[in-house]
Structures are given as C-alpha cells and as structure tokens.
Amino acid sequence: MTTTTGYQAITLREKPTVVHRIRGLELGVTGWIAVVLVVVFTIMAIAGPALAPHDPYTQDLLRANNPPAPGYPLGFDYEGRDILSRVLAGARTSLLGPLLVVILGAALATLLAVTAAWARGWWDASVNVVFDFLLAFPGLLLAVLSVAVFGKGLVAPVVALAIAYMPAMGRIVRSGARSETSMDYVTALRALGVPARLIVFRHLVPNVTPLIIAQATTLFGFALLDLSAISFLGLGVQEPQPDWGLMVNTGAAGVLLGHPAESLSAGTCLALAACAFTVLGLRLSRRIEGR
Amino acid sequence: MAPLLSVEGLVVDLPVRGPTGRTHHRIIDGVSFDVAPGEAVGLVGESGSGKSLTLRSVVRLLPEGAEVRGSLRFADADVLTMNRKQLNALRSSGVATIFQDPRAAVNPMRTVGDFVLEGPVRAGGRNRDEVLREALGLLTDVGIDRPEQRLRQYPHELSGGMLQRIVIAAAILSRPQLLLADEPTTALDVTTQSDVIAILDEQRHERGLAMVFVTHDLDLAAAICDRTCVMYAGRIVEDQLSSTLHDAPQHPYTAALVAARPVLDIDAGCELPVLRAIRGRPASAYEAPSGCPFEPRCNHAEPACSATRPPEVNSGCSRVACFRASELRGILALEVETHA
Amino acid sequence: MPEQTPPSAVVVDGLERVFGDTRAVADVSFSVVRGAALGIVGESGSGKTTVARMLMGLLRPTSGSIQLAGVDRSAPPRTEGERRERAREIQMVFQDPYGSLDRRQTASAALTEVLRLHANLSRQQRDERVRELGDLVGLDKRRLDSLPRALSGGERQRVAIARALATGAPTIILDEAVAALDVSIQAQVLNVLRQIREATGVTYLLISHDLAVVRYLVDDVVVMKAGAIVERGTAAQVLASPEHAYTQQLRDSVPRPNWRPARRTREGAA
C-alpha cells in the first residue's frame, strides 16, 4: 500500500494542481486561520461597498450614536450613519493603503536589491548605506513628517511608508539574490552570453519572488497598523470616507456614551487583518527557508 | 563467533511532505546483515538505495518521524528499544560514526582539541591528560604534523582532508568496537582518500576494529572490506566476499555496476568499448515495482521476475536475491571480463 | 608543422593567474586541435578550474595568452556583444547538476532562450532545433518540457550539455561534468558525450580527477599540480605508464581489486 501511494505522490509532483500546491504549503492550523481571514478581508475589500446593506454616507443626526436597531445590527455612529455599512465599505480604503505600500515598497526593494546583488561593488555598497539609513528611521515618523510637508490624505503616508518599509524587504531580497548569483546557473548564463538585464529580470527576480511575497505579506500587517494610526490621528484618509483607523477615532464619542460598537468593530477588523497577514507572511517565510 | 552487529529485517519509512499531504516513503525494505568483531563490511549502492540510512539506523540517527521495524542488535543489546541514556552510551563508546563532510561533525566555534578530547573524557575512565597523550600519538599516526598546534586551531583553519583525519582519530580515540563510515572519502582528493583508507586499514588490523563502510564506489568497498553488500532500492541484492565480487558477480545489478565503470587499464592500441550503461535511473524502495526491484533495468529479466520478489538465497559465504542467479553465473562473469 | 594538421581550437600560452600571494596557475601552455579532446587532470588546488574560468572569460589572466579558433581571447569580454561572441566560441558544463540550471525554467525554455540569442531562427525552426538537441543528448519531449526538479542528475547534465551545444560553440569545457552522477547514470552521460563528439566534431576540454573517465573520453592529457603542468602526453601513455612521481601517485590512489593503499610519508614530518 505504501508503495502505491508513494508512487502516486511522485508522479503528481511533476504537475501539481493548485490544490496540491496550497496543501504543500503546510501552514498549520494558525496558518490556515490566517488564510481564511485574509480571503475574507480580500472579499470585503473588493465587494465591501456592494455588500453594505445601507449607504455608508447617509447621515441622520436624529439617530446619532443610537444603539442597534432592526436592520442596523451595529447601530449608528456620531453622525447617524450605519456602522455595519461603514465597516464593510471601510475595508477597501483601509486595505488599499497597505497594499499600495507593499507593492511600491517591494518594487523599489527588488529593483535596488537585485541589481545590487548582481553588480556588487560601489552600487551594492551605496544601496546598503541607503537601506541602513532608512532602517534607522521610524516609518511612522517619516509618514507623519511627509504629511506635514505634502498635506493630508492617502498619498503622502503611503509613499513615505513604502520607502520606510523598503529596506526590510530589500535586505532579505538582497541576501536571497546574492545566494542566487553565486549559483552555477548564473555563471552558466553569463558564459552563454545572456545579457545582464535578462539574467537579472528573467532569472534572478523570479527566483527571489517567493521571498518577496512572504516578506510583503508580513509587512502588509504592519503597514495596515501604521496607516490606521495615521488615519486615527486625522492625518490620513479624511471624513466622510469610511476607514477603520478613522472609525476607531470617531467612535470614541460612542464609547463614552456606552455604544462602543464603532470603535470596537473597526478595531477588531484592524487587529484581525493585521494578525492574519503577519502570521501568513511569517509562515510563508518559514516555508521558504525550510526548502 | 557471535556477531557484533546484527541487523535483521530492517524496514525504515521516512515521512515526506508531498503535494497530497504527509505520507511515508519506504527507503529500506528488509535489510539483514551481520558484522563479526573485527570484520569490515561494505554497503554499496547508488542514490536512493538506502545505504546511508541503513548505517544511520544502527545508531538511530534518523530523521524525526521515521518509522523503523525489524531488529538491530549491537553486542547483544537491542538498539531499537534503548532509552536516551543507553543510546548516548552506545554512540559515545561502542560505536563511532564518521560522515562524508567532516565540517558537519565539528563545532566551528570550538577548537579542534575540544572536539577531539571532549568525547573520550566525558565517556569516563580517563582524565584529560591521559586522553591528550593518546590523542597526540594517534594524530601523528594518521599523518597530522605538529598535533599540539592543530589541537589549538579552529576547524576552518584546516583543510577538509586534514579535518577528516582528525575526525577519524577522534572516532578511534573513544575506543569503539565498531566504526560506521558514511562515504568518508567522497569529498576528498584521491591521494588523500588513499591516505585515509590506509589509516582505517591500519586501525582495523592493529585494533581489531569492526567497520561498516558505506560508499557508491564498488572498487573502493571491494578494496578495503572483507565483505561487500550491494544494495538496490532499499534491499541487499548481493552479499559476497569482496575478493570474488568483482570477478564473479552473482546479481545482474552488481555485474552491470562493474561493467558501467570506464576502465583505466586498457591497452594503448585498443579501441575503447562503448560503456555498458544501465538503462533508466536508480529507484528507491517506494518507487520500485512489486517484483524484483531491478527488473525494469535488467538485461536478463524474464516475465517471472516482475511477478514476485526474489528471495535472498544463501550459498556458502554469499547471498543473492535473483531468480536467475545460478543460470546467469557464467554470463555475468563474461560481462565483467574486460574489467578484470 | 605538417600541412594536414587541422587548425587549433584552443591554444594557451604561458598562462598565469595570481590571487593575492598565491600563484593559482603558473606558466600553463597547451593546445588542442579542433575535434580533439584534452583532459586536464589534477586535484583540488591544482589550478585546473582557474584555467577553465580564464578560458571562459570569467576571469582575467595575470599574464599569458589564450587563443580560441585562432583569435586572441586573452582578456575577458567587456561588452554584451563580446560576451555573446565568446559564448559562441566556448562553453562549459558544470559539475553540480542541481545548481547549473534555473529551477524555474523547463529544459526546452532554457534551450530556446539560448537559441534566441545565438541563432537567427524562426519560431518553428527553433522548436525543431530544440528537438534535435534533445535527440542528440537523449531527452524526449516529455523530459524537455520538465522543470529541473523532475529530472534526474544525469538528465540535468544532458540539458546542460544540450544548452552548451545550442550556442554553436565548437569547444566545450566539461568541468567534472560526470563526477556527481551515479555510476549507472555516469555511463549513460559518458556515452552521450562520445556520441556527440562523433556526430558534431566538437572539441572537449575535460577537467577531471577521475582517471578512468579521462581515459575513456580524451586523446591527450595534461597533469596539473599546484598550478603547473607536471606531465603531458597521450592519455594511453600517461595513464598507463606515468613518468612524473605525482602522476604515478594519482594512479596508485585509484581503488582497484586487491588494492592496499600505502600512506604517504607523514606530512611535514621533521
């Protein structure tokens, strides 16, 4: 029996289906909970506004801070808007920011790190200095400063955080790319006359991509918290746009009146999403290292 | 004479993380052999044959989750039921193990001296000075010059060949009855290999050390072992005196292995023959067909070979697992003739 | 020189390479006639791989000259164009079958990439050429469409050989190319290498410590020790009756039936 199943496993390995690939990740129970949460939050971010039972922008000051009512399971915020609808609609703005942060950060990090690992010499040294310098600079502070310079809104903190997060990804990508460049296949490609840009972008980058994805997933959780903190301080996304960090702040009035639903629901979503992405990212990193 | 080491019906399954979740793969599928005191036995095979794992099973150095069945007895003690303390005692005094990469065996942060002396001192009975004196003599014996200085050095300061000799000296220092050697010379240059083999040879003859020597090199095993076991797909397919193995192989796989190697000694004028390659690739136990595992690659296979597993048949001091062993004897001898 | 002598594929003259204060390669000279096969025999530290890296243009010689097909190639290529040119002159197959292929690229994709760079072919012609190269090294369509991890060590080496041939290079360096393979697989690859030589007239430079493999594949050998050539001649003659003590020692170190290795005099014993 062992022989037959063993044999099948080997033949399957050549062309694994998506299911096999995912199963092969071996994430463990916590990892799987994280995956489920990530999927749920992704659906919320894509379809949240459509799922919202009411318009998240309709104000009715007569029911401001009212407790839950039929059809309004979480009650109303300080301007009388449906909290559930705002939590659902807020998923998009809350998660879009960190997504932009990691995409921008990863793109920058990959570009710098892989070219540094390839070229070595002065370029590698300069990239390292930049990474070290940025690593010493707190991301949140950079973001607040950039808001002070470039004004409130999503763009300034996203760009600032992307730059602040870049070295964390860049260092890992650089060391990954470096061990790739010391492998024979890279020497072989050079000897085969393959142009440097093709070696870098067609061979090195795809081979470090798993590293980048794992690292970006972890940082997504951190970026989510940082951006929410900025929104909470009123420096990021502005009213009346629904956003979880902002809602934690505006819900404070409700907390004092004994209706903590707004702060609590937005805060829970934030905490869960941040944990889920971080855990998933760490699990993926561990899997890659284990290879 | 009662065997020092007795392995019987050893079966080892290793856990694998496959695309369909966790399963077990059979790597060793019923291996039996004895090692008498002072005897050297070679385990020869290609990748996946289970030779290294067989060796590791003897001291239970197996990956986590491995399932082991069968019987493993060392000096009449059951290795498989030993507790941690007994196992440590076995590893530190009765059985010494050396591996292919000497750097994997030593702690890079500590001096060579710490590595060499720690085991024997901890094993008890002797104080550090006594052990040190013996160590210095032994290091000189294995061809290490300025041994006092070497003991103060760190592993990275020494070459692989020198480090492997030191690892061997350290292994011998604990006065084991049995030495397990897993490809100890594969990473070394040929001239260093011949040094290391000479040292092992001396130790065997001077101290009556028994040895299990794992290698992919049939000639090497035949040269230094009294007996050679050829493994294929987790099983011993042939077990014979090394002196006759090369010229009179009884299993088609052994003959094919001999014939597949290019020959060094061939007359200048001779047209070099095309090598008799074995078709296909080596299989592991879990991939092997249910009949004779070598049948898909064998030039002498008959329909009957794929039906059932050939039993191991003993005759005199040899043992072979092939249905056609007796009728093929002459043909196989002919196959390896150019290699004699 | 008699007129019938075919042109040289590789001529190395007075090649030297210094790393810090060690001379890794010292005054190495040899030449290989087109279509012939030269073995470079030596142990680790003998400088044989350094010679290969200089021939490949991966390393600059400290002094001395390299000629490939009659053209001076002493210096490593500087531009992309020069690198491409060198790639069409000489290629290399590495020892480690696991590290020398990009693990995310199928065998046919690897071959296609090289052909796109070095041969002006239509898509169809390219596919055809990939199949031909596969045939030459004994890889069928299914194997060609596999990722390296689905291939055995021997199959990976065949991919590497096919890839080297794809540039059209007339000279191929085999750097311990069969050393990491199982005995049965090694024989397959050795046979493939011989067939290729017969079919294409390619020139081999075989770097190896395995005397039997050298004997099987090459016509002439040079024996290197500590960066210098200590003996040279035909493979048959040098390996059967070596004159230099070191070659003799190499020979005596090869395990064989009834081999009783003697220990060398103790290192540096006073």
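Across soluble globular proteins, you tend to see nonpolar side chains buried next to one another. If you look at the biggest cluster of nonpolar residues, it comprises 148 residues, and the most contacted ones within it are Trp244 of chain A together with Leu174 of chain C. Considering each element in turn, this core owes the most residues, 15 residues, to helix H9 (residues 196-232) of chain A. Not counting the four nearest positions on each side in its chain, Leu174 of chain C is found in contact with Val93, Leu193, Tyr204, Leu205, Leu206, Ile207 and Leu217 of chain C. In terms of nonpolar packing, the next biggest core, distinct from the first, is built from 41 residues, Val116, Val131, Val196 and Ile197 of chain B among them.

As a further point, take helix H2 (residues 80-87) of chain C. Residues of H2 of chain C that are buried include every one of Arg83, Arg86 and Ala87 of chain C, and no others. Projection of H2 of chain C onto a plane perpendicular to its axis shows the buried side chains occupying an angular sector of 105°, all on one side. On the buried face of H2 of chain C, the contacting elements are helix H8 (184-191) and H9 of chain A together with helix H1 (48-55), strand E4 (63-68), strand E6 (90-93) and helix H3 (107-118) of chain C.

Turning our attention to unusual backbone geometry. Cis geometry marks the peptide bond from Glu239 of chain A to Pro240 of chain A; its omega dihedral reads 5°. For Pro240 of chain A, the location among the structural elements is in the loop between H9 and helix H10 (244-250). The phi dihedral of Asn65 of chain A falls on the positive side, at around 55°, and the residue is not glycine. Summarising the element assignment, Asn65 of chain A is placed in the loop between helix H3 (28-51) and helix H4 (83-119). A relative accessible area of 15% places Asn65 of chain A in the buried class. One non-glycine residue, Ala75 of chain B, lies in the positive phi region at around 45°. Secondary-structure assignment places Ala75 of chain B in the loop between strand E4 (67-74) and strand E5 (77-78).

To continue, consider the sheet that holds strand E7 (residues 178-182) of chain B. All names here are of chain B. The eight strands are arranged E6-E7-E8-E3-E9-E10-E12-E11 in an open sheet whose pairing can be described as mixed. The open sheet has two free edges, formed respectively by strand E6 (95-98) and strand E11 (313-315), since each of these has just one partner strand. Neighbour to neighbour, the strand axes of the sheet diverge by 20° on average, direction disregarded. Relative to E7, E6 is paired through four bridges, and the arrangement is parallel. Residue pairing for E7: Ala96 is matched across the bridge by Leu179. Packed onto the sheet, helix H2 (residues 84-94) meets E6 and E7 and runs at close to 75° relative to E6.

Buried accessible area, meaning the area lost when the parts come together, often serves as the stated size of an interface. Contacts between the two partners involve 48 residues from chain B and, on the opposite side, 43 residues from chain C. Regarding the contact of chain B and chain C, the summed buried area is about 3900 Å², with carbon and sulfur atoms giving 53% of it. Considering only the surface of chain B that becomes buried against chain C, Thr191, Leu264 and Arg281 of chain B emerge as the three largest contributors, covering 17% of it. Run the count over chain B and chain C and you get three salt bridges. In this structure, Glu155 of chain C engages Arg281 of chain B in a salt bridge whose closest nitrogen and oxygen atoms are separated by 3.5 Å. Counting across the chain B and chain C interface gives 15 residue pairs in polar contact (both at pLDDT 80 or more). Of all elements in the fold, only helix H5 (128-141), helix H7 (160-173), helix H8 (190-207), helix H9 (218-224) and helix H11 (252-260) of chain B reach the threshold of two or more residues within the side of chain B that touches chain C. A total of eleven residues in the side of chain B that touches chain C trace back to one element, the largest contributor, which is H8 of chain B. Of the residues in the side of chain B that touches chain C, the class split is 22 nonpolar, ten polar and 16 charged.

What follows covers the domain arrangement of chain B. Residue and element names in this part refer to chain B. Segmentation of chain B into domains returns domain 1 (5-225) and domain 2 (247-339). Using C-alpha coordinates to define each centre, domain 1 is positioned 29 Å away from domain 2. Counting residues at the interface gives eleven residues for domain 1, matched by 13 residues for domain 2. Summing both sides of the interface, domain 1 and domain 2 together bury roughly 980 Å²; the carbon and sulfur share of this comes to 53%. Where domain 1 packs against domain 2, one counts five residue pairs in polar contact (both at pLDDT 80 or more). The dominant element in the side of domain 1 that touches domain 2, judged by the number of residues it contributes, is strand E2 (residues 21-35), at seven residues. Here the side of domain 1 that touches domain 2 is composed, by residue class, of three nonpolar, five polar and three charged.

Another point: the domain arrangement of chain C. All names here are of chain C. Per the domain assignment, the segments making up chain C are domain 1 (1-89 + 169-251) and domain 2 (98-168). Spacing between the C-alpha centres of domain 1 and domain 2 amounts to 24 Å. In this complex, domain 1 contributes 16 residues to the contact, which on the side of domain 2 involves 13 residues. For the pair domain 1 and domain 2, the summed buried area comes to about 1300 Å², and 68% of that belongs to carbon and sulfur atoms. At the junction of domain 1 with domain 2, the criterion picks out zero salt bridges. For the interface between domain 1 and domain 2, the tally reads six residue pairs in polar contact (both at pLDDT 80 or more). Counting residues per element, the ones that place at least two in the side of domain 1 that touches domain 2 are H2 and helix H7 (183-200).

All names here are of chain C. With mixed pairing, six strands are arranged side by side in an open sheet as E6-E7-E8-E3-E9-E10. Each end of this open sheet is capped by a strand with a single partner; those strands are E6 and strand E10 (228-234). Each strand of the sheet is rotated relative to its neighbour by a mean of 20°, with strand direction disregarded. Where strand E9 (residues 220-225) lies against E10, six bridges are found, and the strand directions are antiparallel. In the sheet register, Val223 faces E10, and the bridge partner there is Glu231. Its contacts with the sheet put H1 on strand E3 (37-41), E6, strand E7 (171-175), strand E8 (203-208) and E9, and the angle it makes with E8 is roughly 145°. This element, helix H6 (residues 153-166), spans E6 and E7 of the sheet and lies at about 175° to E6.

Reading the values: rules and limits
- Residues numbered from 1 in each chain as written.
- Chains lettered and ligands numbered in written order.
- Predicted model: local features only at pLDDT ≥ 70, side-chain atom pairs only at ≥ 80, totals over all residues.
- Heavy atoms only, no water.
- Core = buried A, V, L, I, M, F, W, Y, C linked by side-chain atoms within 4.5 Å.
- Buried < 20%, exposed > 50% of the residue type's maximum accessible area, 1.4 Å probe, protein only.
- Helix = DSSP H or I, 4+ residues; strand = E, 2+ residues; numbered from the N terminus.
- Contact = heavy atoms within 4.5 Å.
- Arc of directions from axis to C-beta.
- Pairing = 2+ DSSP bridges.
- Axes fitted to C-alpha atoms, helices over the stretch in contact; angles between N-to-C directions.
- Buried area = accessible area lost by both parts, 1.4 Å probe.
- Salt bridge = Lys/Arg side-chain N within 4 Å of Asp/Glu carboxyl O.
- Polar contact = N/O pair within 3.5 Å; in protein donor to acceptor, adjacent residues only side chain to side chain.
- Nonpolar A, V, L, I, M, F, W, Y, C, P; charged D, E, K, R; others polar.
- Domains from an automatic or database assignment.

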